[in-house]
Amino acid sequence: MNQQQSQVDVRPSRHPIFRFLRKEWLGCLILVAGLSISYAIWSISIRNHEDIEKSRFISTGELITTSLARRMNSNEQILRGGAALFNMNNNTSREQWRTYVSSLRLDETSPGIQGVGFILRVADKDKAEHTAKIRAEGYPEYTIHPLGQHSDYLTVVYIEPFWGRNLHAFGYDLASETVRRNALDLARDSGEPSLTGRVKLVQEGKEGNQAGFLMFLPIYTHDLPRGSVEERRESLLGYVYIPFRAEDMMRNVLVNVDPTVGVEVFDGKDLDEKNMLFANAPMNQFDNAHYVSIREMEFEGKVWTLRFASLPAFQALSNNMISHMIFAAGVLVTFLLTFVVTNLAATRNRAFGMAKEMTTQLSHSENALRAVLDSAADGILRVDGNGRVKSVNMAAEHIFGLSSDIQSDFPLEQIIDGMDVNKLTEVLNSYGNAGSAMRSARFESFGIRSSGDQFPLAVSLSQFNQNDEVNYSLMVRDISDDKMAEAILQLRLKAIEAANNGIAIADMTMPSQPIIYTNPAFERITGYTASEMLGMNCRLLQADDRFQLEIAELSQAIKEGRECKVLLRNYRKDGSLFWNDLSIAPVVDNDGRITHYVSSQNDVTDRVLAEENLRIRSMRLDAICTLSPDGVVAFDANGKLTNVNPAFLEMTGFSNIQLSNLSMQEFDQLMEALCDPAHAYVSAHDENMMNLVLDSDDDMVQARQQMVYLSTPQTRILIRSIRVVAAGSLEQVIYFRDVTRETEIDRIKSEFLSTAAHELRTPMASIFGFSELLLRRKYDEVTQKDLLGTINRQAGIMINLINELLDLARIEARAGKDFKFTVQPIAPIVENAVAALLVNNDPRRVNVTISENLPKVNVDAEKIGQSLMNVLSNAYKYSPNGGNIDLRILCEEHDEVNEIGIRVSDQGIGLTPAQLSRLFERFFRADPSGNIPGTGLGMCIVKEIIELHGGRVDVQSEKDIGTTVTLWLPTIREQELLEA
């Protein structure tokens, strides 16, 4: 017995704690579960907050990266635009370069760019000539710096804007510094843009402290091959380049970026302060940041490392108070719920007692139940086993329109079409649950109102037994409005299915916002079927092209719960690119909460490509118009002047301000004021109205050409033609072509042919006349000999004239290519020419003075001798009254160039200033009487030969005193520099 008592005493159910747990187990379970759930929700809230802050940090980094990539791409396009200018014309002038750079508006569009420049490759042997040329352009202080000597100099000759800091860069030799030289060599060998590492710009001066870098793009000589690296090195003309102040550029990139995220930019992969290009916060804030990310970007073969960090201000904006409040509320609710459940359990026994009392009161609730049934929104009918209605509630009376005298004991089929007792049984057998004590079914049918109208009806049918008799309960609801709404919904769905735009719907209440619907147009545009897209996010269409500014804009719109329209680069299932004109709009529920987003996709690839082609074409046309030597003036459909090119402004001296928004009549008045009164100016407006014809080439309407003779700002002859953009259009373009030179050439050609014909006709007339005398008459031997001598002399004149014409034509056509240049002293050439000179009936000899130790020259001895003999021959011929003929060889320096001069002086008839100005014209002779023989071509030939040797002819003369002619030739050192 003692043993049994001991066993009973240790039973767990008798212990007070166990008795409490058995009695209050539900309250304890709720307490534990509530606290666990509160902790879980608090933990999830903390993690979600952390994810949101991290996403904000990552999004800001992506926005900075995308903005920087776009900016660097824009910088490259500026370089390529400058390269295109040089590729069209290797001799682009400083003014053309200034016009191009000014059009870029760098201060407004590209802060950080110090300028856009051109670097010329200058060989060491050309350095002196190059320096002299730039100084001659109006820059007397110009020099290549820093000082030093190497085979090639890469010096800045154009830099715009040409003021302020940029003046330090003028003449700077970029080959003198290793970092710049390495980037220049890379660009030269690859033919593509290149970046330097971190450098200090020469624009900074001694006080500058910003890091800088430069971008280069090589320019090659037009007519040289550049298929290989060696060919590109040989054909290199220079570079277009941009110097950047890194901090100014990055400040502009970060204008609209969250300032609480720090960013550092390093040159290369080493995060060392010596490689830092930019930082918007102290380095210690990056080392102690909560979030840090590092990203490498490659620009033109150069790696930049970007380090992002959350600054203290970023953490200050982060607030976890809501998470803590959620946890506190959860704990409080848990204790309250535990208290309530515990109290309910205490009242459970009292509820059982009350149930008995309620049973006795059940009979008294029938009237109350009737009131409840009458207040129900759905109609309720009770039908007996014979299919007759025994009772209805007020809703049923209203639905079927029953009168007060017909509310019970009538056939069911009177108010529900075809619904008798057999039909009720059939419905229960077909739709109902046969194994249940109370069989029920739901179906749709048609009700019949007292007026005879039918309407759709939803029926819930139940069978029950009462006093061993079968009865039926029917709950009915008029679904006319539901059917109409369903029809409208189906119509809208069909419209969406038939739409040409791709439609997609995303569920915003689910994680990752999956797509729940796509229409056929979406499948056609993207190549993905509906089943492939269901449950996926639209990011699938972005592939790896995530760094688009429009994506950030789209994310911000979704975050703010607003509509948005962007243009994205998307990719089809097969990987092909298409441009997506995307519109999104939120869908909200009754509480204003966004539940879905609807997106409309439109493939506008053809439009984007067309716009890009149009943009490129417009840029090309603009460049062509800007560089065209012909003047172009454009008028719009309202007859107002809209555009003029630089060539027209140069022709007329007008400015853009003077011409802005002029009508064609006002334009005609300005042009007429510039014209020579001797040549009437035909109004462009009148000509356009009267003389329009159709251009057969491009169906543009054009007016016939008119000559315009300008007297100011300088004398010019222009050909004007007018074109209308298209038949029926009022937009017009007027072209002005400067034909002043062509007109002058035509005049010179006509004058030359007339003079040549005259010079040939005179001896031919003599030859013809004297030969005819010899044929028709007989003369004695002396007379015959005299006549034949005259014929011989005239034939010699003709032969000399033709030979000199051929020499002149050959020299001009070959441009010295057939000259046989040899490095030799000048003295033997002079001596041979003097020795070979023979003048009939003139005993005079040339007084020759030749200095010793003269430098050598690189010349064609035969051509120089021919030139000297022409000059000596003129000295003899044009001093018929005698006088000394002196020849001296000089060595002097002119404009920093050493030259040898062959000077011939006579004491002949000399020249007047008017005659001297025409000395080198063809067929010009100082003695028009014809007493002095000659063709008038000798000095033309002398000038052509000397200039093809890189020299010049200097003539000084005074009437009746004499003439001095000096042939200047560069010495061998200067000659080599000129040829290089």
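Look up a bit, the structure's there.
All of these numbers come straight from a predicted model, not from anything done at the bench.

Cut-off values and rules
- Residues numbered from 1 in each chain as written.
- Predicted model: local features only at pLDDT ≥ 70, side-chain atom pairs only at ≥ 80, totals over all residues.
- Heavy atoms only, no water.
- Helix = DSSP H or I, 4+ residues; strand = E, 2+ residues; numbered from the N terminus.
- Buried < 20%, exposed > 50% of the residue type's maximum accessible area, 1.4 Å probe, protein only.
- Contact = heavy atoms within 4.5 Å.
- Areas by Shrake-Rupley, 256 points an atom, 1.4 Å probe, with all protein chains shown as cover.
- Pairing = 2+ DSSP bridges.
- Axes fitted to C-alpha atoms, helices over the stretch in contact; angles between N-to-C directions.
- Parallel < 35°, antiparallel > 145°, perpendicular 65-115°, else oblique.
- Left-handed = near helix turned anticlockwise from the far one by under 90°.
- Salt bridge = Lys/Arg side-chain N within 4 Å of Asp/Glu carboxyl O.
- Phe/Tyr/Trp six-rings, centres within 6.5 Å; stacked < 30°, edge-to-face > 60°.
- Lys NZ or Arg CZ within 6 Å of the ring centre and 35° of its normal.
- Polar contact = N/O pair within 3.5 Å; in protein donor to acceptor, adjacent residues only side chain to side chain.

*Asks:* What should I look at first to understand the overall build of the protein chain in this one?
*Replies:* In terms of regular secondary structure, the protein chain is built from 31 helices and 33 strands. Each of the 980 residues in the protein chain was classed as buried or not, and the buried ones make up 38%. In the protein chain, the share of contacts with a sequence separation of at least 24, taken over all contacts with a separation of at least 6, comes to 57%. By element, 53% of the accessible surface of the protein chain is carried by carbon and sulfur atoms, the whole surface being about 56,000 Å².

*Asks:* I'm lost on the sheet that holds strand β4 (residues 212-220) in this one. Help?
*Replies:* The strands that make up a sheet are held in pairs by hydrogen bonds between backbone atoms, and each pair lies either parallel or antiparallel. Taken in spatial order, the five strands of this open sheet run β2-β1-β5-β4-β3, and their pairing is antiparallel. Both edges of this open sheet fall to β2 (152-160) and β3 (194-195), since each of them pairs with a single strand only. Bridge count between strand β1 (residues 116-123) and β2: eight bridges; the pairing is antiparallel. Residue pairing for β2: valine 116 is matched across the bridge by glutamate 160. Sitting on the sheet, helix α4 (residues 94-104) touches β1, β2 and β5 (236-245), and the angle it makes with β2 is about 55 degrees. Running over the sheet, helix α9 (residues 246-253) touches β4 and β5 and is turned about 65 degrees from β5.

*Asks:* How do you make sense of the sheet that holds strand β7 (residues 276-279) when you look at a structure like this?
*Replies:* Spatial ordering of the open sheet is given by β7-β6-β9-β8, a layout of four strands whose pairing is antiparallel. Sheet topology places β7 and β8 (292-299) at the edges, where each strand pairs with a single neighbour. Between one strand axis and the next, the sheet turns through 20 degrees on average, direction left out of account. Sheet topology places β8 next to strand β9 (residues 302-310); eight bridges connect them, and they run antiparallel. Looking at the pairing, valine 292 lines up with alanine 309 of β9. Lying over the sheet, α9 contacts β6 (261-267), β7 and β9, oriented at roughly 40 degrees with respect to β7.

*Asks:* Looking at this structure, I do not really get the pairing of strand β15 (residues 469-478). What am I missing?
*Replies:* Within a regular strand, the side chains alternate between the two sheet faces. For strand β10 (residues 379-384) and β15, the ladder comprises six bridges, and the chain directions are antiparallel. Residue pairing across strands places valine 383 opposite tyrosine 472, the latter belonging to β15. Sheet analysis places strand β14 (residues 454-466) next to β15, joined by ten bridges and oriented antiparallel. When the sheet's bridge partners are listed, glutamine 463 is paired in β15 with tyrosine 472. Count of turn residues in the β14/β15 antiparallel hairpin: two residues, of which asparagine 467 carries a positive phi of about 55 degrees.

*Asks:* Would you mind going over the packing of helix α27 (residues 827-836) against helix α28 (residues 861-877) with me for this structure?
*Replies:* Two measures define how a pair of helices packs: the angle their axes make with one another and the distance between the axes. Orientation of α27 relative to α28, taken along the N-to-C sense of each, is 50 degrees, at an axis distance of 9 Å. When the interaxial angle is binned, α27 and α28 end up oblique. For the pair α27 and α28, the crossing hand works out as right-handed. Judged by residue contacts, Ile829, Val830, Ala833, Val834 and Ala836 of α27 engage Ala861, Ile864, Gly865, Leu868, Met869 and Leu872 from α28.

*Asks:* Sorry if this is basic, but what is going on with the environment of asparagine 252 here?
*Replies:* Relative to the elements of secondary structure, asparagine 252 occurs in helix α9. It is 7.8 Å that separates the C-alpha atoms of asparagine 252 and glycine 112, two residues lying 140 residues apart in sequence. Asparagine 252 has contacts with Arg71 and Pro111, leaving out every residue within four places of it along the chain.

*Asks:* What's the story with the pattern of salt bridges in this structure? I'm lost.
*Replies:* Charged atoms that come close allow side chains of opposite charge to pair. Summed over all chains, the structure comprises 37 salt bridges. For lysine 390, the salt bridge identified is with aspartate 384, shortest N-O distance 3.4 Å. Taking relative accessible area as the criterion, lysine 390 reaches 32% and is therefore assigned partly exposed. When its relative accessible area of 12% is taken as the criterion, aspartate 384 is described as buried. Two residues, arginine 607 and glutamate 611, come together in a salt bridge whose shortest N-O distance is 3.5 Å. Taken together, the residues arginine 607 and glutamate 611, both in helix α20 (residues 605-627) and four residues apart, mark about one turn of the helix. We classify arginine 607 as partly exposed; its relative accessible area is 39%. The network of salt bridges with common partners includes Arg181, Asp185, Arg188, Asp189, Glu230 and Arg233.

*Asks:* Help me understand the packing of aromatic side chains in this model?
*Replies:* For the coordinates displayed, the defined rule picks out 21 aromatic pairs. With centroids separated by 5.7 Å and ring planes inclined at 85 degrees, the aromatic side chains of tyrosine 139 and phenylalanine 162 adopt a geometry described as edge-to-face. A residue pair is termed long-range when its members are at least 10 positions apart, and tyrosine 139 in the loop between α6 (127-136) and β2 and phenylalanine 162 in the loop between β2 and α7 (178-190) qualify at 23 residues. Classification of phenylalanine 162 as partly exposed rests on a relative accessible area of 23%. For the ring pair phenylalanine 635 and phenylalanine 667, a centre distance of 5.7 Å and an interplane angle of 75 degrees mean the geometry is edge-to-face. In this pair, phenylalanine 635 is assigned in strand β21 (residues 631-635) and phenylalanine 667 in helix α23 (residues 664-674), connecting sequence segments 32 residues apart. When its relative accessible area of 4% is taken as the criterion, phenylalanine 635 is described as buried. Phenylalanine 667 sits in the buried class, given a relative accessible area of 0%. The rings of Phe86, Trp97, Tyr100, Phe118 and Tyr158 are connected pair by pair, giving a single aromatic cluster. In this arrangement the basic side chain of arginine 449 is found over the ring face of phenylalanine 455, its NZ or CZ atom lying 3.9 Å from the centre.

*Asks:* Explain the side chain of serine 628 here, please?
*Replies:* Structurally, serine 628 is set in the loop between α20 and β21. Polar side-chain contacts of serine 628 include one of 3.1 Å to the backbone nitrogen of aspartate 630. Filtering out sequence-adjacent residues up to four positions away, serine 628 remains in contact with Asn645 and Ala647.

Function cannot be inferred from these measures alone, as they are strictly geometric.
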